[in-house]
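# A look at the structure
The lines below spell out each chain.
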Amino acid sequence: MRRVCIALACVVCILAAPHAEANHFYTDYGWRDKHYRWPAQPSGYSQIVQVFGKPCNSYANDNKTNWTAQDDQKVYPVNYHYKLGGYGKFYGGTGSKNRSSNLNNDVRGHIRNEHLGGYVTHGIYGYVCRKISGSSKWSTHAWGIAVDINTAANPFPTYRCKSMPDGLIRVWTAHRWVHGKSFGDCMHFQYASDY
Amino acid sequence: MRRLKRSAIGASLVGVAIAGAFALLPTRTVHTTVTPAAGTGEHLLLVIADVVTPANARARLAEVNGRFGDLQGFYADGSDAYEITGALVRTSPDEKRVQCSDHPEYECPHRATSVSVQRDVEHRFVGRGSFREHRFTRDCGRSGRPPCERERFVQLFGADLRMPRGSTVIATAFRTPKGAAQFVAFARTVGVRGLVTVQVSKSGGGEVGLGQESHPDGSGPLTRELPDQAKRQRS
């Protein structure tokens, strides 16, 4: 009987092992939400240039975080502005404590800590030196201050976001990112308003 | 009746007089000079999605651009404005497969043992005269190998890389190899594949999206021709 109980306990442990991670919070691995050195959120084109420089400048893709899409199992490089990240060691941080903690540490760390990473699906990108379709206006992607996720599930334009739980959106907006749902761009998060 | 007739004649005369007065006024000169499209006279790098008949251009453009969301994708322009001078052939694989156990930083999905890491796009210039004899990578398209391109180049332009006349190219233009490579990588992310990149000399035509790449000095967008631009594209 004792041997049966031990064997049963071993089986339970083996079955539970893959799910152990899911029961842990990211804080258990040393992560902390820092809210450190966030730049001011600009409003409109002039302020965007004032805070982040000209579109497609060298700072616009200075940071990089690799993001794994949960559906197609591909790792997408997301380049973004120097002023929006690089702090610490998480998610592509430079190891520096003098850089912003916003995207790589705070946003991504929160997503993991709240077990929301499974909702991030393919078509993930940040910096792209490109204008808005059919327009002479630069996209916020050209400054490296925009990130699109779940793009395949949310083709533009759409006002009814799919596979984009409110909790995931709240993590972004709590860190000064504006969600593009109001202008039919459910996949889109940008660090600027009125643009 | 007579009164009516006199009124009509009078009104006509007044009308003629007014028209005549306007004819004597100095007219505004309307300048009809057409500004040449950006890139005319330059060597450019064209990332091409397709070459189609003018009748099919609009539909094909809409189909390809549908994947870019609110970002500008490709443009449609007459092929007669372009002369191919070389090709930028891919030398890097699209992705590299890595084991999850070796790379915990990638946070593999549940039960996945490996993931594919998207790689930077790298090109090598092949002149038009050398293209027919150029040896493409063996086992192209396999894991760890560059994507297969030769067939696509030949399908669109023939083995001698000649731009079809009277057609429409679905393309977007760049001045630097880095600009072209970054766009190809982005297009790959949103699911647009089968792109080829050629070097062309542009003799006219319309808008093909120049200016949407970084200046090599990092100051902002590249809006003008660079010194030795054609040479830089070949290096």
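Notes on the structure in this doc start here. (Residues numbered from 1 in each chain as written. Chains lettered and ligands numbered in written order. Predicted model: local features only at pLDDT ≥ 70, side-chain atom pairs only at ≥ 80, totals over all residues. Heavy atoms only, no water.)

All names here are of chain B. Taken as a whole and judged by the stated rule, the model has four disulfides over all chains. Paired by a disulfide, cysteine 140 and cysteine 148 hold their sulfur atoms 2.0 Å apart. An S-S torsion of about 95° defines the bridge between cysteine 140 and cysteine 148 as right-handed. Here cysteine 140 falls in the partly exposed class, since its relative accessible area comes to 29%. The connectivity of the disulfide-linked cysteines in chain B, indexed sequentially, is 1-2, 3-4. Along chain A, the cysteines that take part in disulfide bonds pair up as 1-2, 3-4, counted in sequence order. (Disulfide = S-S within 2.5 Å. Buried < 20%, exposed > 50% of the residue type's maximum accessible area, 1.4 Å probe, protein only.)

This next bit is on unusual backbone geometry. Most peptide bonds take the trans form, and the phi angle of most residues other than glycine is negative. All names here are of chain A. A cis amide bond links phenylalanine 156 to the next residue, proline 157, at an omega of -5°. Following the sequence through the fold, proline 157 ends up in the loop between β3 (146–148) and α4 (166–173). One non-glycine residue, tyrosine 91, lies in positive phi territory at about 50°. By relative accessible area, which is 9% here, tyrosine 91 ends up buried. Look at asparagine 150: it is not a glycine, yet its phi comes out positive at around 55°. When you line up the elements, asparagine 150 lands in the loop between β3 and α4. (Helix = DSSP H or I, 4+ residues; strand = E, 2+ residues; numbered from the N terminus.)

The next subject is the packing of aromatic side chains. In total, this model carries 19 aromatic pairs over all chains according to the counting rule given. Taking the centre distance of 5.7 Å and the plane angle of 80° together, the rings of B:Phe131 and B:Phe136 count as edge-to-face. One exposure class covers both B:Phe131 and B:Phe136, and it is buried. Seen in terms of ring centroids, B:Phe174 and B:Phe183 are 5.7 Å apart; in terms of plane orientation they differ by 40°. Their pairing is tilted. In terms of burial, B:Phe174 and B:Phe183 fall into one category: buried. Taken together through their ring pairs, the aromatic side chains of A:Phe52, A:Trp67, A:Trp172, A:Trp177, A:Phe189 and A:Tyr191 make up a single cluster. Sitting over the face of the ring of A:Trp67, A:Arg108 holds its NZ or CZ atom 4.1 Å from the ring centroid. The residue whose ring lies beneath A:Arg112 is A:Tyr29, and the NZ or CZ to ring-centre distance is 5.3 Å. (Phe/Tyr/Trp six-rings, centres within 6.5 Å; stacked < 30°, edge-to-face > 60°. Lys NZ or Arg CZ within 6 Å of the ring centre and 35° of its normal.)

By themselves, these are just geometric observations and shouldn't be taken as functional.
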